[in-house]
Amino acid sequence: MIVSCGQSVQAPAPRAASHPQAVLALYTGGRAVIDQRTRLKVSAGDVMLIPAGERHRMVEVERAEVWGLGFHPSAFAMTEVAPLLEPFERVRQGASAVVPIPSGRQEHLVRLLSELREETRAPHRPMGEQVARSLFSLVLAEVARSSTWAPVTSRPTLAGEALTYIERHCLEPISLREVAAAVGRSPAHVTTALKQATGRSAVEWIISGRMAEARRRLLSTNERVDIIAERVGYADPTHFIRLFRRAEGLTPAAWRKQHGAPDAH
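The structure displayed is predicted, hence computed values, not measured ones.

### Some words on the overall build of the chain
Alright, step 1. Counting its regular elements, the chain contains ten helices and six strands.
Alright, step 2. Computed over C-alpha atoms, the radius of gyration of the chain comes to 19 Å, within 12% of the 18 Å expected from 2.2 N^0.38 for 265 residues, which places it in the range of a compact globule.
Alright, step 3. Expressed as lengths along the three principal axes of its C-alpha atoms, the size of the chain is roughly 50 × 45 × 35 Å.
Alright, step 4. Relative to its 265 residues, the chain shows a buried fraction of 46%.
Alright, step 5. Within the chain, contacts between residues separated by at least 24 positions form 73% of all contacts whose residues are at least 6 apart in sequence.
Alright, step 6. Of the roughly 13,000 Å² that the chain leaves accessible, carbon and sulfur atoms contribute 52%.
Alright, step 7. The average position of the 34 basic charges and that of the 27 acidic charges among the side chains of the chain differ by 4 Å.

Below you can see the structure in the form of structure tokens.
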């Protein structure tokens, strides 16, 4: 469920990058300047929100200490956690990506992130996924409560609209055609916009979201591979296995065994 959670020190980057995870970064020390649509200054007590696919670049950094949390939004789009993802959607719509956390809540947020890190390092604990999801929800709630959004007058970019639709629907049997229809553009136009903005096509984003959910299910359930294939949008298990092996270098069954996950029924 959670891709990464830990303390790190970052350095300036030579070029902008994007990644398939949404990222929440809590700065607990130092300062940084980041290009993300505009130039942003971040210091201790600030949370930086980076939606999946959003290009960003570290321009300056000075003794920065950061707790970083990465996750695939598609895993939560149809769950009770979905409303807590609103801050990321507002950033896509043009709101500031920097959320100052009140001083009285910063220590609490660090504790939540620390507990979440420990929980995700031991993914096979009893009720581990439920505990991790609860901690994750509390982290998002702290950020959402601290957000004081000014009215957003700009519209999200075409790439942002397409990514939001994909995050909400990629576990359904959708294709580029459905994504294009949802944003009112041609498939070729959507492909070009996403490639230019993120370096990935709509189909690649759909597969990325599905593979993330497949990995989660392989780790945390004992569902058969064909059942998982269906749950992540593939009617043909053979096609799912081929795509998973291309992404991970192993079949789903071998990947599950390598990671010590529950055996299938």
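Next comes the rest of the write-up.
### A look at the environment of Arg-92
Alright, step 1. Here Arg-92 is to be found in helix α1 (residues 86-92).
Alright, step 2. Among the residues examined, Arg-92 registers a relative accessible area of 4% and is labelled buried.
Alright, step 3. C-alpha separation for the pair Arg-92 and Gly-53, spaced 39 residues apart in sequence, amounts to 10.0 Å.
Alright, step 4. Setting aside residues no more than four positions away along its own chain, Arg-92 makes contact with Arg-37, Pro-51, Ala-52, Pro-156, Thr-157, Gly-160, Leu-163, Thr-164 and Glu-167.
Alright, step 5. A polar contact of 2.7 Å, which involves the side chain of Arg-92, links it to the side chain of Glu-167.

### Considerations on the packing of aromatic side chains
Alright, step 1. Counted under the stated rule, the structure contains seven aromatic pairs.
Alright, step 2. Each ring, one from Phe-71 and one from Phe-136, has its centre 4.9 Å from the other, and the planes form 65 degrees; the classification is edge-to-face. With a gap of 65 residues between them, Phe-71 in strand β5 (residues 57-71) and Phe-136 in helix α3 (residues 128-146) connect regions that are remote in the sequence. This pair shows no difference in class: Phe-71 is buried, exactly as Phe-136 is.
Alright, step 3. Measuring from ring centre to ring centre gives 4.6 Å for Phe-76 and Phe-136, while their planes differ by 35 degrees; the resulting arrangement is tilted. In this pair, Phe-76 is assigned in the loop between β5 and α1 and Phe-136 in helix α3, connecting sequence segments 60 residues apart.
Alright, step 4. The buried category is assigned to Phe-76, whose relative accessible area is 0%.
Alright, step 5. Classification of Phe-136 as buried rests on a relative accessible area of 0%.

### A few points about the packing of helix α4 (residues 158-169) against helix α6 (residues 187-198)
Alright, step 1. Relative to each other, α4 and α6 sit at 100 degrees, their axes nearing to 9 Å. By the angle between their directions, the pair α4 and α6 is classed as roughly perpendicular. Contact residues: α4 offers Leu-158, Ala-159, Ala-162, Leu-163 and Ile-166, while α6 offers His-189, Val-190, Ala-193, Leu-194, Ala-197 and Thr-198.
Alright, step 2. Of the residues assigned to the contact of α4 with α6, the class counts are nine nonpolar, two polar and no charged.

### Side note on the pairing of strand β2 (residues 22-36)
Alright, step 1. Judged by how many residues are buried, β2 sits mostly within the fold: eleven of 15 residues are covered.
Alright, step 2. One ladder, built from twelve bridges, connects β2 with β5; its direction is antiparallel. Counterpart to Arg-31 in the pairing with β5 is Glu-62.
Alright, step 3. Both β2 and strand β3 (residues 38-43) contribute to a ladder of six bridges, which runs antiparallel. Note that in β3 the partner of Ile-34 across the bridge is Leu-40.

Conventions adopted
- Residues numbered from 1 in each chain as written.
- Predicted model: local features only at pLDDT ≥ 70, side-chain atom pairs only at ≥ 80, totals over all residues.
- Heavy atoms only, no water.
- Helix = DSSP H or I, 4+ residues; strand = E, 2+ residues; numbered from the N terminus.
- Rg over C-alpha atoms; globule rule 2.2 N^0.38 Å.
- Buried < 20%, exposed > 50% of the residue type's maximum accessible area, 1.4 Å probe, protein only.
- Contact = heavy atoms within 4.5 Å.
- Areas by Shrake-Rupley, 256 points an atom, 1.4 Å probe, with all protein chains shown as cover.
- Lys, Arg positive; Asp, Glu negative; His and termini not counted.
- Charge placed at Lys NZ, Arg CZ, Asp CG, Glu CD.
- Polar contact = N/O pair within 3.5 Å; in protein donor to acceptor, adjacent residues only side chain to side chain.
- Phe/Tyr/Trp six-rings, centres within 6.5 Å; stacked < 30°, edge-to-face > 60°.
- Axes fitted to C-alpha atoms, helices over the stretch in contact; angles between N-to-C directions.
- Parallel < 35°, antiparallel > 145°, perpendicular 65-115°, else oblique.
- Nonpolar A, V, L, I, M, F, W, Y, C, P; charged D, E, K, R; others polar.
- Pairing = 2+ DSSP bridges.

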